[in-house]
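Given next are the chains, with one letter for each unit.
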Amino acid sequence: MKNVLVNLEHISKSYDGQMVLDDLNLYIRENEFLTLLGPSGCGKTTTLRILGGFETPDKGRVVFEGADITNLPPNKRQLNTVFQKYALFTHMNIAENIAFGLKIKNKSKAYIDDKIKYALKLVNLDGFEKRMPNSLSGGQQQRIAIARAIVNEPKLLLLDEPLGALDLKLRQDMQYELIRLKNELGITFIYVTHDQEEALTMSDTIVVMNQGYIQQIGTPERIYNEPENAFVADFIGESNIIGATMIEDRLVEILGARFACVDEGFGRNKPVDVVIRPEDVELTKNPADGTIQGVVSHVIFKGVHYEMEVQANGFEWLVHSTGMFPVGTNVGIKVDPFNIQIMNKPESEDEEAVGVNE
Amino acid sequence: MNNKRKLLSIPYLLWAIVFIIIPLFMVVYYGITDKTGAFTFANIAAIATAEHGKALWLSVLLSFMSTVVCLLLAYPLAMILSKMNIASNSFLVLIFILPMWMNFLLRTLAWLSLLEKTGVINNILKFFGLPTMNIINTPGAIILGMVYNFLPFMIMPIYNALVKIDPNVINAARDLGAGPFKTFTKVIFPLSIPGVISGITMVFVPALTTFVISTILGGNKILLIGNVIELEFTTTGNWHLGSGLSMVLMVFIVISMILTAIFDKDGEGSML
Ligand SMILES: Nc1ncnc2c1ncn2[C@@H]1O[C@H](COP(=O)(O)OP(=O)(O)O)[C@@H](O)[C@H]1O
Ligand SMILES: [Mg+2]
């Protein structure tokens, strides 16, 4: 495993008595692409601003390569930020924008010119030296903002929803470019987004946040397949989240029917939440073949698959399938034991507060 | 739709014609004719006489100095204001706005009673046994009057330019290694230049043409070009000479306005 580059230790921050971050602990390894993912207002930007030095935490420390940098001003930190709305210097041309950090560090003209060329090539904007920022499209400006940051060879690059203002196609192109950049440069990325698809595509590690608390940290696969609580399951992709009872190891009662599962160690007759992804719900033509029975209530064609809703035992199951049953059909519902994810129910009210907002 | 808009603009057009275009033409007409109505350049050329030239030079000098003082006072003030949450500091804003609601003449007369030989300031000095000061009827008094009256016109456009700067652009400068001083010289100040230019125009032009301030605080001992023109229209009654000199002054105003238009594309100054 690579070395830890940054450590956020017991970070708390509140504005006007409103807790925004509460005892946040997080470490980032060298050359990791880590994404902070969560709904708007959950404290992602605040976390980045504390890392960048634009905000001091009320409590806790920021440790960078073993040194406490909590109170170091932004200009003394070995990291750079790509801001949400580009934040280019509109009174300077592109070359001057990119050269800004290097000139401050008194680099030679030859070195700076070299770097400008190199950075523009890297972001596929060769020959843009003399253009003004306002004459560029959103995507181009964003790439200049990235170029302006990386010429300084930071150890850590912070990106705050850098693709948020771009349209879908451009966003996807830029996602690939960012992954390429990360691989070419070997810089550590901390990436902020509220877009779960973006997070799943780009990250080595995803940190799911809600209301100032970390809900789960893990690889994209782990976050998607094994969400630890209802909030994560609900936020990452579509899912059926159902209150259930763990009868015993490897057996769970969902909506009055018993399903085999693979989870153990939850105890006996314990209330839990289960999450079942819509693509993991199997519909059987013969209702008796299913574990429970229901009626198709809604069908939409989505291109790759059909999206169906099935009313069964008082719950509206969301189903994605390549096969289609017309509305009104009686069907059976089956789920592979491996695809039933069991989650602990939030115990205290405090935990409830950080869960799903219903 | 388009026709409706045209109709709606008619009152403004009429207003502009009656109160701007026609007077302007009359000034030009008087400026280039003599008493008999014959064409002449003499009224314009009269600016070159020693008396008029001196008045113009003094006007330019005092306006320039007032503008510089206004800029030096206004910039830091505008910066402080721009960093504040205006809603929660309305008292501070009120302090700046309140004098503007007072009549221009009253404001200037107030300074007269403060600065006079037997005025408030000298009385206080006398009370403490200090030597009295001779402020009234000096160029200094006129500069003081100009700065006091026109300072808000410098603060507002600079303030408008500063609040328009995206805080993240300033953060970006810090992020890229600039300390507070370099951030100011390389980012904040250059981005506020449109406001500065607007402010300069909005102080320099009225200062250059004022005759009220110089009459009250200069006691008719110091003649500015505005006073000369005013005298031609009121006392001497030579409208031709007055108009000719006005046209010369207008050249300065037009130059200032062109400069503003070039630098202030976002219209910081137009907010007033
Ligand atoms: N400067 C500030 N003053 C007051 N409240 C703030 C400030 N910055 C952020 N907040 C509040 O903190 C919370 C988290 O904000 P932020 O970190 O920007 O969330 P995110 O980036 O995840 O959308 C929000 O409720 C926001 O209103
Ligand atoms: Mg944010």
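Here the structure is a predicted model, which means the values were calculated and not measured.

## Concerning the site of ligand 1
All names here are of chain A.
Here is step 1: All residues in the neighbourhood of ligand 1 are listed as Tyr15, Val20, Pro39, Ser40, Gly41, Cys42, Gly43, Lys44, Thr45 and Thr46.
Here is step 2: In the environment of ligand 1, an oxygen atom lies 2.6 Å from a nitrogen or oxygen atom belonging to the side chain of Thr45.
Here is step 3: Top element by residues in the shell around ligand 1 is helix α1 (residues 44-52). It accounts for three residues.
Here is step 4: In terms of residue class, the shell around ligand 1 is built from four nonpolar, five polar and one charged.

## Structural notes on the side chain of Arg77 of chain A
Residues and elements named next belong to chain A.
Here is step 1: Summarising the element assignment, Arg77 is placed in the loop between β5 (67-68) and β6 (79-82).
Here is step 2: The buried charged residue Arg77 lacks any salt bridge partner; its closest oppositely charged side chain belongs to Asp68, at an N-O distance of 7.3 Å.
Here is step 3: Of note is the side chain of Arg77, whose polar atom sits 2.7 Å from the backbone oxygen of Ile69.
Here is step 4: Polar side-chain contacts of Arg77 include one of 3.2 Å to the backbone oxygen of Thr70.
Here is step 5: Excluding residues that lie within four positions of it along the chain, Arg77 makes contacts with Ile50, Leu51, Gly52, Gly53, Ile69, Thr70, Asn71 and Leu72.

## Quick notes on the confidence of the model for chain B
Here is step 1: This prediction gives chain B a mean pLDDT of 88; 94% of its residues lie at or above 70.
Here is step 2: Confidence metrics for the complex model read pTM 0.83 and ipTM 0.82.

## Digging into α1 of chain A
All names here are of chain A.
Here is step 1: The buried fraction of α1 amounts to seven of the nine residues, a majority that puts the element mostly inside the structure.
Here is step 2: Every buried residue belonging to α1 is among Lys44, Thr46, Thr47, Leu48, Ile50, Leu51 and Gly52, and all of these are buried.
Here is step 3: Of the residues one or two after α1, Gly53 is the one with positive phi, at around 95 degrees.

## Some words on the packing of helix α3 (residues 50-83) of chain B against helix α7 (residues 139-164) of chain B
All names here are of chain B.
Here is step 1: In contact at an axis separation of 6 Å, α3 and α7 are set at 40 degrees when each is read in the N-to-C sense. Here α3 is positioned oblique relative to α7, judged by the angle of their axes. Remark: the crossing between α3 and α7 carries right-handed chirality.
Here is step 2: Taken together, the residues of the contact of α3 with α7 break down into 25 nonpolar, four polar and no charged.

## So, unusual backbone geometry
All names here are of chain A.
Here is step 1: Positive phi outside glycine occurs at Asn31, with the angle close to 65 degrees.
Here is step 2: Mapped onto the secondary structure, Asn31 falls in the loop between β2 (18-29) and β3 (33-37).
Here is step 3: Judged by relative accessible area, Asn31 falls into the partly exposed class, the value being 26%.
Here is step 4: With a phi close to 50 degrees, Ala87 is a non-glycine residue in the positive phi region.
Here is step 5: Structurally, Ala87 can be placed in the loop between β6 and α2 (94-104).

## Let's talk about the domain arrangement of chain A
Here is step 1: Taken domain by domain, chain A holds domain 1 (4-225) and domain 2 (239-357).
Here is step 2: For domain 1 of chain A versus domain 2 of chain A, the separation of C-alpha centres amounts to 38 Å.

## Some remarks on the interface of chain A and chain B
Here is step 1: If you look at the interface, chain A gives 22 residues, while chain B gives 16 residues.
Here is step 2: Taken together, the two surfaces of chain A and chain B that pack against each other cover about 1700 Å², and 62% of this comes from carbon and sulfur.
Here is step 3: Linking chain A to chain B there are zero salt bridges.
Here is step 4: If you list the elements that add at least two residues to the side of chain A that touches chain B, you get β6, α2 and α4 (138-150) of chain A.
Here is step 5: Residue classes in the side of chain A that touches chain B are distributed as 12 nonpolar, seven polar and three charged.

## Quick notes on the packing of aromatic side chains
Here is step 1: Within this structure, the stated rule accounts for 19 aromatic pairs over all chains.
Here is step 2: Ring geometry for Trp15 of chain B against Phe19 of chain B: centres 5.7 Å apart, planes inclined by 45 degrees, an arrangement best described as tilted. In this pair, Trp15 of chain B and Phe19 of chain B are both assigned in helix α1 (residues 2-31), four residues apart and thus about one turn of the helix distant. The two residues Trp15 of chain B and Phe19 of chain B agree in class, both being exposed.
Here is step 3: The interplanar angle of 75 degrees and the centroid separation of 5.3 Å between the aromatic rings of Phe39 of chain B and Phe41 of chain B together place this pair among those described as edge-to-face. The same class applies to Phe39 of chain B as to Phe41 of chain B, namely exposed.
Here is step 4: Every member of this aromatic cluster is reached through a ring pair, and the members are Tyr29, Tyr30, Phe233 and Trp239 of chain B.
Here is step 5: The ring of Tyr111 of chain A is capped by Lys107 of chain A, whose NZ or CZ atom sits 5.4 Å from the centre of that ring.

## A closer look at the pattern of salt bridges
Residue and element names in this part refer to chain A.
Here is step 1: Under the counting rule described, the total for this entry stands at 22 salt bridges over all chains.
Here is step 2: For Arg250, the salt bridge identified is with Glu264, shortest N-O distance 2.1 Å. Residue Arg250 is located in the loop between β11 (240-248) and β12 (251-254), and its partner Glu264 is located in the loop between β13 (257-260) and β14 (270-276); the two are separated by 14 residues in the primary sequence.
Here is step 3: Taking the relative accessible area as the measure of exposure, Arg250 reaches 44% and is therefore partly exposed.
Here is step 4: Classification of Glu264 as partly exposed rests on a relative accessible area of 47%.
Here is step 5: With its nearest N and O atoms 3.5 Å apart, the salt bridge here joins Arg258 to Glu253.
Here is step 6: Accessibility expressed as a relative area gives 48% for Arg258, which makes it partly exposed.

## Section: the sheet that holds strand β17 (residues 306-312) of chain A
Residue and element names in this part refer to chain A.
Here is step 1: Across the sheet, which stays open at both edges, the five strands sit in the order β15-β19-β16-β17-β18 with antiparallel pairing between neighbours. The open sheet has two free edges, formed respectively by β15 (281-284) and β18 (315-321), since each of these has just one partner strand. If you compare each strand with its neighbour and ignore which way they point, the axes differ by 45 degrees on average.
Here is step 2: Pairing geometry for β17 and β18, over seven bridges, is antiparallel. Note on β18: the bridge partner recorded for Tyr306 is Ser321.

Basis of the calculations
- Residues numbered from 1 in each chain as written.
- Chains lettered and ligands numbered in written order.
- Predicted model: local features only at pLDDT ≥ 70, side-chain atom pairs only at ≥ 80, totals over all residues.
- Heavy atoms only, no water.
- Near = heavy atom within 4 Å.
- Polar contact = N/O pair within 3.5 Å; in protein donor to acceptor, adjacent residues only side chain to side chain.
- Helix = DSSP H or I, 4+ residues; strand = E, 2+ residues; numbered from the N terminus.
- Nonpolar A, V, L, I, M, F, W, Y, C, P; charged D, E, K, R; others polar.
- Buried < 20%, exposed > 50% of the residue type's maximum accessible area, 1.4 Å probe, protein only.
- Lys, Arg positive; Asp, Glu negative; His and termini not counted.
- Salt bridge = Lys/Arg side-chain N within 4 Å of Asp/Glu carboxyl O.
- Contact = heavy atoms within 4.5 Å.
- pLDDT = per-residue confidence, 0-100.
- Axes fitted to C-alpha atoms, helices over the stretch in contact; angles between N-to-C directions.
- Parallel < 35°, antiparallel > 145°, perpendicular 65-115°, else oblique.
- Left-handed = near helix turned anticlockwise from the far one by under 90°.
- Domains from an automatic or database assignment.
- Buried area = accessible area lost by both parts, 1.4 Å probe.
- Phe/Tyr/Trp six-rings, centres within 6.5 Å; stacked < 30°, edge-to-face > 60°.
- Lys NZ or Arg CZ within 6 Å of the ring centre and 35° of its normal.
- Pairing = 2+ DSSP bridges.

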